[in-house]
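Here is how the chains run, residue by residue.
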Protein chains: 2
Amino acid sequence: MFTNLNTDPGRKPRLVGELGALSHGRVSSGEFKYSAGMEIFGDTEPADYIYQVIAGAVRIHKLMADGRRQIGAFHLAGDIFGLENGDLHRFTAEAIVDTRVRLIRRESLERVANTDTAIIRSLLKMTSENLAHAENHMLLLGRKTSLERVAAFLLEMHRRLTPEGAIALPMNRRDIADYLGITLETVSRALSVLRKNGLLKFLGQTQRQIVVVDPAGLARLTDNPE
Amino acid sequence: MFTNLNTDPGRKPRLVGELGALSHGRVSSGEFKYSAGMEIFGDTEPADYIYQVIAGAVRIHKLMADGRRQIGAFHLAGDIFGLENGDLHRFTAEAIVDTRVRLIRRESLERVANTDTAIIRSLLKMTSENLAHAENHMLLLGRKTSLERVAAFLLEMHRRLTPEGAIALPMNRRDIADYLGITLETVSRALSVLRKNGLLKFLGQTQRQIVVVDPAGLARLTDNPE
DNA sequence: CGGTGGGTTGAGGTATTTCAAGGCTCGTGG
DNA sequence: CCACGAGCCTTGAAATACCTCAACCCACCG
């Protein structure tokens, strides 16, 4: 019943509002499916396309030589990702679950942008939103405790994929850990603490857990600007 | 002799290249001086101006309710800061040392941007550069050891304010610590280790230290994408 | 000169990591 | 249709990187 909360294709794609030209057919775009775990693009690859999640979930990350990983963001239905100013991608992007994605040729976007300032403004707005997210995430990574990080994560997911109140998390504990800069065991322990304090419930024991949170209670634990 | 390396007003301001209109006098701008420690703008204040460092150094930070601080970036001669997409600043900005700053009315920039796509493109480019910096910093804050963080910091400063090879750091240990998400004692210990390993020299014991680094050696210690 | 604002270093404490074991779910193939 | 392995999650116990607290030093300034 709750299984597809997060991948609901009925959700209104945000891009339509953001980049009017796309819906006017002035920019060439295609659609593509990636199954869980597939790489969408790699770090330092040429950024020939930008992407929009139609349904599913995507993680973007950086990897260190010894395997340490930092996930910079999760992208959910409606989100744009892979937008770069330079010629190369700065993250690797992978589908977390089976995911449908719209592809837009960058070249075609550039062409339209030359004559249409609204398009560039949209790109600027999206880049600014990514920047604001990264800035808040720096505070989390630099200064918050593990409990605060996990509370902030749940609040973010609550805000982004819950009209009703139940969250079906598409990502596993390792993904959450690499997003929050802690280990998967610490994530698990923090979730247990929150559950014991009644700020969190697991509905059903099915692999991808469905979660109900108490946003006001969690907000008291973190210092979230969002 | 090295005292003012970092605040050299002779350095070519980067803005001239970035925002041509400013040098054409089509955007109203003024100049202002802030002494060390002064606040330039505060978190959640209206973003009526954008700023360019002419000489000196600025830190921008977020503060938690209990005083924990995360510095998002240091801005040096030539850098633009305070550029927001929304109406409010998302950081507090303070002068680290005595600093000269150029102010540009946002309203006046907006007006020009309506007719000049080059301006919006410049804003997009600058925002993207800030984003790229934040993305790299997330990896540092989430996954690097204290030694790797300090090495990365020194490399960044080396790249940004050293044509010659000596760095006069404008910020103190607490600022560095809050930028790197560690404590000032840990910064100090890491610097001592680097010094013992010959990757770093202090020139002169004067309050604001001058530092000479071995970039290749430091690079081996971190995983820096920059 | 005495105080203040850095900075370094040591010793001990602690949050988080690491290592390890065990349980649950689900898909697959005998 | 059941057995089994793989993936995921949780929990415990021990190790450790970093933090906290504290002492001390030095440079600078009124």
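Just so you know, these numbers come straight off a predicted model, no measurement behind them.

Asks: Any chance you could break down the nonpolar core for me, citing the residues and the numbers?
Replies: Membership of the largest hydrophobic core comes to 74 residues, with the highest contact counts inside it found for F153, L154 and M157 of chain A together with F153, L154 and M157 of chain B. Setting aside residues no more than four positions away along its own chain, F153 of chain B makes contact with F74, L169, M171, I176, Y179 and L180 of chain B.

Asks: Break down the protein's contact with DNA strand C for me, with residues and values.
Replies: Of all residues adjacent to DNA strand C, which total 20 residues, the nearest are T186 of chain A together with R173, S188, R189 and S192 of chain B. Close to the protein, within 4 Å, the atoms of DNA strand C belong to sugar or phosphate groups at a rate of 63%. Within the side chain of E185 of chain A, a nitrogen or oxygen atom sits 3.1 Å from a base nitrogen of DNA strand C. Take S188 of chain B: an N or O atom from its side chain is 2.7 Å from a phosphate oxygen of DNA strand C.

Asks: Break down the relation of the copies chain B and chain A for me, citing the residues and quoting the values.
Replies: In the superposition of chain B on chain A (RMSD 0.0 Å, axial shift 0.0 Å), the rotation amounts to 180°. When the rotation and shift are considered jointly, the pair of chain copies conforms to a two-fold rotation axis. A share of 100% of interface residues in chain B that are also interface residues in chain A marks the association as one of identical surfaces.

Asks: Any chance you could break down the sheet that holds strand β9 (residues 166–168) of chain B for me, citing the residues and the numbers?
Replies: Sheet strands associate in pairs through backbone hydrogen bonding, adopting either a parallel or an antiparallel arrangement. Residues and elements named next belong to chain B. Pairing is antiparallel across the open sheet formed by three strands, whose spatial order is β9-β11-β10. Edge positions in the sheet fall to β9 and β10 (200–203), since each of these pairs with one other strand and no more. The average undirected angle you get between the axes of adjacent strands in this sheet is 30°. By the bridge criterion, three bridges tie β9 to strand β11 (residues 210–213) in an arrangement that is antiparallel. From the neighbouring strand, A168 faces β11, where its bridge partner is I210. Against the sheet, helix α5 (residues 146–161) makes contact with β9, β10 and β11, and its axis sits at roughly 100° relative to β9, the strand it touches most.

Asks: Could you give an account of the packing of helix α3 (residues 106–115) of chain A against helix α4 (residues 117–143) of chain A, naming the residues involved and the relevant values?
Replies: All names here are of chain A. For the pair α3 and α4, interaxial distance at closest approach is 6 Å and the crossing angle is 120°. On the basis of the axis angle, α3 is oblique to α4. Contacts between α3 and α4 involve L109, V112, A113 and T115 from the first element and T117, I119, I120 and L123 from the second. For the contact of α3 with α4, the residue count by class is six nonpolar, two polar and no charged.

Asks: Provide a residue-level description of unusual backbone geometry, including the pertinent values.
Replies: The phi dihedral of T44 of chain A is positive, around 70°, even though this residue is not glycine. Relative accessible area serves as the criterion here: at 53%, T44 of chain A is assigned to the exposed category.

Asks: I'd like a description of the pairing of strand β8 (residues 99–105) of chain A, backed by residues and values.
Replies: Residues and elements named next belong to chain A. The sheet contact formed by strand β1 (residues 29–34) and β8 spans six bridges and is antiparallel. Each residue of the ladder has a partner; that of E31, found in β8, is R102. Bridging between strand β3 (residues 49–55) and β8 involves six bridges; their strand directions are antiparallel. Bridge pairing links Y51 to L103 in β8.

Each value, and the rule that gives it
Residues numbered from 1 in each chain as written. Chains lettered and ligands numbered in written order. Predicted model: local features only at pLDDT ≥ 70, side-chain atom pairs only at ≥ 80, totals over all residues. Heavy atoms only, no water. Core = buried A, V, L, I, M, F, W, Y, C linked by side-chain atoms within 4.5 Å. Buried < 20%, exposed > 50% of the residue type's maximum accessible area, 1.4 Å probe, protein only. Contact = heavy atoms within 4.5 Å. Near = heavy atom within 4 Å. Polar contact = N/O pair within 3.5 Å; in protein donor to acceptor, adjacent residues only side chain to side chain. Least-squares fit on C-alpha atoms with pLDDT ≥ 70 in both. Pairing = 2+ DSSP bridges. Helix = DSSP H or I, 4+ residues; strand = E, 2+ residues; numbered from the N terminus. Axes fitted to C-alpha atoms, helices over the stretch in contact; angles between N-to-C directions. Parallel < 35°, antiparallel > 145°, perpendicular 65-115°, else oblique. Nonpolar A, V, L, I, M, F, W, Y, C, P; charged D, E, K, R; others polar.

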